[in-house]
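# Coordinate analysis (summary)
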Amino acid sequence: MKLAFIADIHGNATALEAVLEDIKQRDVDETFFLGDLCFRGPEPKLTLDMVRSLNADVIKGNADEWVVRGIREVEVPEQALTMVHKERDWTYSKLNQEDLDYLKNLPVELNLNYENITIHAFHATPDSLFEMVQPSESDEVIGEKLMVKDAEIYLYAHIHKPYVRFLKGKCVVNTGSVGLPFDGSNNASYSLVEIDENSFTASIVRIEYDVDKVIRQIRDSDYPNKNIVDFLR
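Residues numbered from 1 in each chain as written. Predicted model: local features only at pLDDT ≥ 70, side-chain atom pairs only at ≥ 80, totals over all residues. Heavy atoms only, no water.

### Structural notes on the packing of aromatic side chains
The condition that has to hold: Between the rings of Phe, Tyr and Trp (Trp by its six-membered ring), a pair exists once the centres lie within 6.5 Å; its type follows the angle of the planes, with under 30 degrees stacked, over 60 edge-to-face, and the other angles tilted. Secondary structure elements are taken from DSSP: a helix is a run of H or I of four residues or more, a strand is a run of E of two residues or more, and numbering for both begins at the N terminus. Classification of residues uses two cut-offs on accessible area relative to the type maximum, computed with a 1.4 Å probe and protein chains only: under 20% is buried, over 50% is exposed, and between them is partly exposed.
Tallied over the entire structure, the rule returns 7 aromatic pairs. With a centroid separation of 5.9 Å and 45 degrees between ring planes, the pair formed by W66 and F130 is classed as tilted. Taken together, the residues W66 in helix α3 (residues 62–69) and F130 in the loop between β5 (117–122) and α6 (139–146) connect sequence positions 64 residues apart. For W66, a relative accessible area of 8% gives the class buried.

### Quick look at the side chain of N12
To keep it simple, the criterion reads: Should any heavy atoms of two residues lie within 4.5 Å, those residues are counted as being in contact.
Take N12: it is sitting in the loop between β1 (2–6) and α1 (13–25). In this structure N12 comes out as buried when scored by relative accessible area, which is 3%. Among residues more than four places away in sequence, those in contact with N12 are T47, G179, Y209, V214 and L232.

### A short note on the environment of L106
Locating L106 in the fold gives a position in the loop between α5 (97–104) and β4 (109–114). On the accessibility criterion, L106 (9% relative accessible area) is buried. Put simply, L106 and E65 are 41 residues apart on the chain and 9.4 Å apart in space, counted from C-alpha to C-alpha. With residues near it in sequence (within four places) discarded, L106 still touches L37, V58, I59 and K60.

### Some words on the sheet that holds strand β8 (residues 170–174)
Rule in force here: For two strands to pair, DSSP has to find at least two bridges joining them. Lines fitted to C-alpha atoms define the axes, with helix axes restricted to the stretch in contact, and inter-axis angles between N-to-C directions lie between 0 and 180 degrees.
Pairing in this open sheet of 5 strands is mixed, and the strands run β4-β5-β6-β8-β7 from one edge to the other. Among the strands making up the open sheet, the edge pair consists of β4 and β7 (163–167). Neighbouring strand axes in the sheet, compared pairwise and without regard to direction, differ in orientation by 15 degrees on average. Here α6 sits on the sheet and contacts β5, β6 (153–156), β7 and β8; the angle it forms with β7, its principal contact strand, is near 95 degrees.

### A closer look at the UniProt feature "domain: Calcineurin-like phosphoesterase" (unreviewed entry) in the protein chain
What counts here: UniProt positions are given in the numbering used here, feature names are shortened, and annotations may be inferred rather than shown by experiment.
The feature "domain: Calcineurin-like phosphoesterase" (unreviewed entry), as given by UniProt, occupies residues 1–197 in the numbering adopted here. The distance separating the terminal C-alpha atoms of residues 1–197 is 9 Å; by composition the span is 30% helix and 23% strand.

Structure (structure tokens):
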């Protein structure tokens, strides 16, 4: 059984297309989305349509919550608040009511069981869409923040920094980001979990895509924050 976990697409339909093609080539059995689908990228509507067309299990991220209800002052640094509001309003304007209702009603966690391997998946932590748990955190912090339910594998997103870590006999995986990686590579990132009877492997897959095309899309559009091209590079 091959399972793909995708997150933090952020309206980058070109990167998502490359990831989905790779998943197809690997004969993945099921695909799951861990949030932040369409905010902060040049093609929010197309990205959301692509995700919805797959009829996959999808959970909510903080950016999906922002699109629906706006951004509160405490949720971003003060110096970034004005621009983030503009980005949110731009994204909101590209979606219809059906899209907004879809984002609003997304669940916030996945509890999966395949061949006696249990998986708990969420966007940031089981208790928050916004809390940051970085790869550098201690075993104690990761255990306290992420390993709340009993499972063999814990998958999350949000920080845009992929990693696989084993502690307390369990596996913790961050998927990284499809659309806006923050780890020094501009290749799209997702996680692949392969389960065989009572064993499993968890890995990070990096995929090249046409970054220059997305940069041109942003520069040629009326997207309010041109500085995101720096992250794409």
